[in-house]
Amino acid sequence: MSPRLKQEPHEASPKPVKLSAIDEDVLTVLMGRELYGLEILDQLNLDRPTGKLLFSSLYPALNRLEKRGLVKWRWGDEVEKSGGARRKYFKVSGQGAKSLQAVQQYRARLQTNAQPI
Amino acid sequence: MDKTTKRKIRKLWGFRLTISLGLILIGKFAFYQQQKAAIWHREISSFSLEEKHIQLVEDFPQILEINTKQIYLEPIKQTRLIARKITYIEDLSWSMDKISDRISILGDRIQELGSSSLSGQREIGDLQEKRSKALIRLNELRDHKRTANEIARHLTQTLIQESTMLKLQVSLGSLSNSQTQDYAVFLAREMELLLDHIEVNLFQNLHKLHKARILLWSSVISSLALLISLIQLRGSWSLVLQFSAILPEDAAAELAILHERFKKAELPLWKHRLCLSTEASMLLIALIQIHFENTFLLPNNSRIDD
């Protein structure tokens with residue numbers, strides 16, 4: 001799943017990018033830790049109210065986030081458990097963290113403004 | 001994972017795919033042949049000769065025999081009878097001539113004796129007695145001859161009539177013979193048509209049925225051979241390694257972990273396989289989607305979704 005256009009994340013870019021609901025969920029799960037696909041799915045499906053997420057949703061979302069420089073990945077070591085195949089570990093990039101933070105702040109403001117007068 | 005292993009796994013999947021495709025094709029062919037065999041079998045079992053054809057086959061030799069025999073037999077019999085009767089009349093006529101000759105001899109003898117002596121007188125008396133008897137017999141024979149002549153005349157007339165009839169019958173016979181020939185030609189044509197009908201409906205269908213059965217059995221044997229080779233290929237590599245032939249390494253690793261989880265959960269084998277196949281299909285769909293999205297990426301475009 002190597003990206004056709006691999007961009008360096010814009011750490012210094014002031015403008016956060018738009019995030020879809022699933023992107024936001026994935027970024028939230030990956031915040032501050034490094035996980036591989038199945039672990040991300042496990043975390044997302046823990047108490048998910050809107051139905052179980054599958055690989056068919058997660059992989060395109062990860063691909064999208066990676067293209068936009070919001071997540072980074074690295075190859076793990078070859079382990080016997082995975083039949084000699086290497087896992088891909090994902091983590092949030094600086095740009096990703098910033099975008100997620102921006103969205104979360106926006107939500108918090110919305111909540112404050114929505115309080116009854 | 002090293003490149004050699006990957007290549008080997010790809011080769012294994014190539015084999016599997018080819019064998020599976022072969023199996024499907026042969027299976028389809030076998031099914032088609034089975035259907036064809038059923039059709040031919042039905043055609044053959046429902047084959048029957050029409051009533052007129054059965055009658056034709058049964059009557060053909062008899063018809064020919066009757067037509068050739070009856071024409072000549074009767075007139076020949078009649079002619080033979082008449083000829084026999086005429087021979088008898090001729091014999092009768094010859095006997096009469098003989099008696100007449102003897103009477104005239106006796107007359108001469110009487111005249112000779114009359115002129116000689118007394119003892120001769122006695123002999124004359126005997127001879128005259130004999131002569132009168134012979135004359136009576138002659139008269140009787142004359143009556144017979146008259147009757148015989150009448151009969152002979154009648155027979156001759158009959159013979160003439162019979163011969164006319166014979167001629168007529170012979171000509172009729174030749175006519176009938178030509179009719180018989182025509183009829184025989186007609187029958188032969190009918191027989192030929194019947195044989196054609198049998199050949200088309202029975203022999204050809206039988207041939208087709210045999211062909212379909214042979215092809216069916218060969219395809220069944222080929223399918224079995226392919227199935228065995230497919231089974232032999234099974235288990236030569238671990239399941240997860242096999243997935244890496246069609247999926248990227250990271251996706252194969254994800255499936256490997258899932259596989260371990262199912263093993264630990266001690267799920268039934270069919271459920272285990274079903275879940276794993278579902279997840280593999282999901283991953284494949286996701287990868288197709290990713291490739292599709294990546295195809296439309298423009299160069300130097302960092303803002304894909306914005």
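Residues numbered from 1 in each chain as written. Chains lettered and ligands numbered in written order. Predicted model: local features only at pLDDT ≥ 70, side-chain atom pairs only at ≥ 80, totals over all residues. Heavy atoms only, no water.

Asks: Which residues make up the overall build of chain B, and what values do they have?
Replies: When its secondary structure is counted, chain B shows six helices and zero strands. In chain B, the succession of helices and strands from N to C terminus is α-α-α-α-α-α. For chain B, the residues scored as buried account for 25% of the 306 residues in total. If you take every contact in chain B between residues at least 6 apart in sequence, the share linking residues at least 24 apart comes to 82%. With an accessible surface of roughly 21,400 Å², chain B has 61% of that area assigned to carbon and sulfur atoms. (Helix = DSSP H or I, 4+ residues; strand = E, 2+ residues; numbered from the N terminus. Buried < 20%, exposed > 50% of the residue type's maximum accessible area, 1.4 Å probe, protein only. Contact = heavy atoms within 4.5 Å. Areas by Shrake-Rupley, 256 points an atom, 1.4 Å probe, with all protein chains shown as cover.)

Asks: A description of a nonpolar patch on the surface should follow, citing residues and the corresponding values.
Replies: Residue and element names in this part refer to chain B. Taken together, the side chains of Trp 217, Val 220, Ile 221, Leu 224, Leu 227, Ile 228 and Ile 231 present a nonpolar region at the surface, about 680 Å² in accessible area. By secondary structure assignment, the location of Leu 224 is in helix α3 (residues 118-233). Assessed through its relative accessible area of 46%, Leu 224 is described here as partly exposed. (Patch = residues over 30% accessible without salt bridge, like charges linked within 9 Å, V, L, I, M, F, W, Y side chains within 5 Å. Salt bridge = Lys/Arg side-chain N within 4 Å of Asp/Glu carboxyl O.)

Asks: Break down the pattern of salt bridges for me, citing the residues and quoting the values.
Replies: All names here are of chain A. Applying the stated criterion across every chain, the model contains eight salt bridges over all chains. Linking Arg 64 and Asp 23 is a salt bridge whose minimum nitrogen-to-oxygen distance equals 3.4 Å. Of this pair, Arg 64 sits in helix α3 (residues 55-67) while Asp 23 sits in helix α1 (residues 21-30), and the two are 41 residues apart along the sequence. Accessibility assignment for this pair places Arg 64 and Asp 23 in one class, buried. Ionic pairing is found between Asp 25 and Arg 48, a salt bridge with its closest N-O pair at 3.1 Å. One end of the pair, Asp 25, is in helix α1; the other, Arg 48, is in the loop between α2 (37-44) and α3, and 23 residues separate them in sequence. Judged by its relative accessible area of 26%, Asp 25 is partly exposed.

Asks: Report on the sheet that holds strand β2 (residues 71-78) of chain A, specifying residues and quantitative values.
Replies: Residues and elements named next belong to chain A. The strand order across the open sheet built from three strands is β1-β3-β2, with neighbouring strands paired in antiparallel fashion. Sheet topology places β1 (35-36) and β2 at the edges, where each strand pairs with a single neighbour. Both β2 and strand β3 (residues 86-92) contribute to a ladder of six bridges, which runs antiparallel. Across the sheet, the residue bridging to Val 71 is Val 92, located in β3. (Pairing = 2+ DSSP bridges.)

Asks: So what's going on with the packing of aromatic side chains? Which residues, and what values?
Replies: All names here are of chain A. This structure, assessed with the given rule, holds three aromatic pairs over all chains. Between Phe 55 and Tyr 59, the ring centres sit 5.8 Å apart and the planes meet at 65 degrees, which makes this aromatic pair edge-to-face. Note that Phe 55 and Tyr 59 are positioned in helix α3 at a spacing of four residues, about one turn of the helix. Residues Phe 55 and Tyr 59 agree in their burial class; the two are buried. With a centroid separation of 5.6 Å and 85 degrees between ring planes, the pair formed by Trp 73 and Trp 75 is classed as edge-to-face. Stacked on the ring of Trp 75, the Lys or Arg Arg 86 has its end atom at 4.5 Å from the ring centre. It is Lys 88 that lies over the ring of Trp 73; its NZ or CZ is 4.1 Å from the centre. (Phe/Tyr/Trp six-rings, centres within 6.5 Å; stacked < 30°, edge-to-face > 60°. Lys NZ or Arg CZ within 6 Å of the ring centre and 35° of its normal.)

Asks: Any chance you could break down the confidence of the model for chain A for me, citing the residues and the numbers?
Replies: Counting all residues, the mean pLDDT for chain A is 82, and 81% of those residues have values of 70 or more. Confidence drops under pLDDT 50 across residues 1-12 of chain A; counting only partners more than four residues distant or on other chains, this segment forms 31 contacts. (pLDDT = per-residue confidence, 0-100.)

Asks: Requested: an account of the layout of surface pockets, with residues and values cited.
Replies: Put simply, the second largest pocket is a space of about 290 Å³. Along the wall of the second largest pocket there are 14 residues; nearest its centre are Asp42(A), Lys52(A), Leu258(B), Arg261(B) and Glu279(B). Contributing elements (two or more residues each) for the lining of the second largest pocket: α2 of chain A together with α5 (249-265) and α6 (269-295) of chain B. Among the residues forming the lining of the second largest pocket, the class breakdown is eight nonpolar, two polar and four charged. (1 Å grid on protein atoms, 1.4 Å probe; cavity = no way out; pocket = protein on both sides within 12 Å on 5 of 7 lines; lining within 4 Å. Points joined across faces, edges and corners; volume = space filled by probe spheres on them. Nonpolar A, V, L, I, M, F, W, Y, C, P; charged D, E, K, R; others polar.)

Asks: Which residues make up the pairing of β3(A), and what are the values?
Replies: Residue and element names in this part refer to chain A. Here β3 lies mainly inside the structure; five of its seven residues are buried. By the bridge criterion, two bridges tie β1 to β3 in an arrangement that is antiparallel. Each bridged residue has a counterpart across the sheet, and for Tyr 36 the counterpart in β3 is Tyr 89.

Asks: Before we move on, can you summarise the packing of α2(A) against α5(B) with the specific residues and values?
Replies: A pair of packed helices is captured by two measures, namely the crossing angle of their axes and the spacing between those axes. At a minimum axis distance of 8 Å, the contact between α2(A) and α5(B) shows a crossing angle of 60 degrees. As the angle between them shows, α2(A) and α5(B) are arranged oblique. Along the contact surface, α2(A) presents Gly37(A), Leu38(A) and Asp42(A), while α5(B) presents Glu254(B), Ile257(B), Leu258(B) and Arg261(B). Looking at side-chain class alone, the contact of α2(A) with α5(B) contains three nonpolar, one polar and three charged residues. (Axes fitted to C-alpha atoms, helices over the stretch in contact; angles between N-to-C directions. Parallel < 35°, antiparallel > 145°, perpendicular 65-115°, else oblique.)

Asks: Go over the environment of Leu138(B), please, and point to the residues and values.
Replies: Residue and element names in this part refer to chain B. With respect to the helices and strands, Leu 138 occurs in helix α3. Classification of Leu 138 as buried rests on a relative accessible area of 4%. If near-sequence neighbours (up to four positions away) are discounted, Leu 138 is found in contact with Met 96, Ile 99, Ser 100 and Ile 103.

Asks: Just give me the short version of α5(B), but keep the residues and values in it.
Replies: Residues and elements named next belong to chain B. Between its first and last C-alpha, α5 extends 24 Å over 17 residues, near the 24 Å set by a 1.5 Å rise per residue. Most of α5 sits out of view: 12 of its 17 residues are buried. Just past α5, the residue Glu 266 takes up positive phi, approximately 55 degrees. (Expected span 1.5 Å × (residues − 1).)

Asks: A description of a positive patch on the surface should follow, citing residues and the corresponding values.
Replies: Residue and element names in this part refer to chain B. A cluster of basic residues, Lys 98, Arg 102, Lys 130 and Lys 133, forms a positive patch at the surface. Of all the elements in the fold, those that place two or more residues in the positive patch are α2 (51-114) and α3. Its location among the elements puts Lys 133 in helix α3. (Lys, Arg positive; Asp, Glu negative; His and termini not counted. Charge placed at Lys NZ, Arg CZ, Asp CG, Glu CD.)

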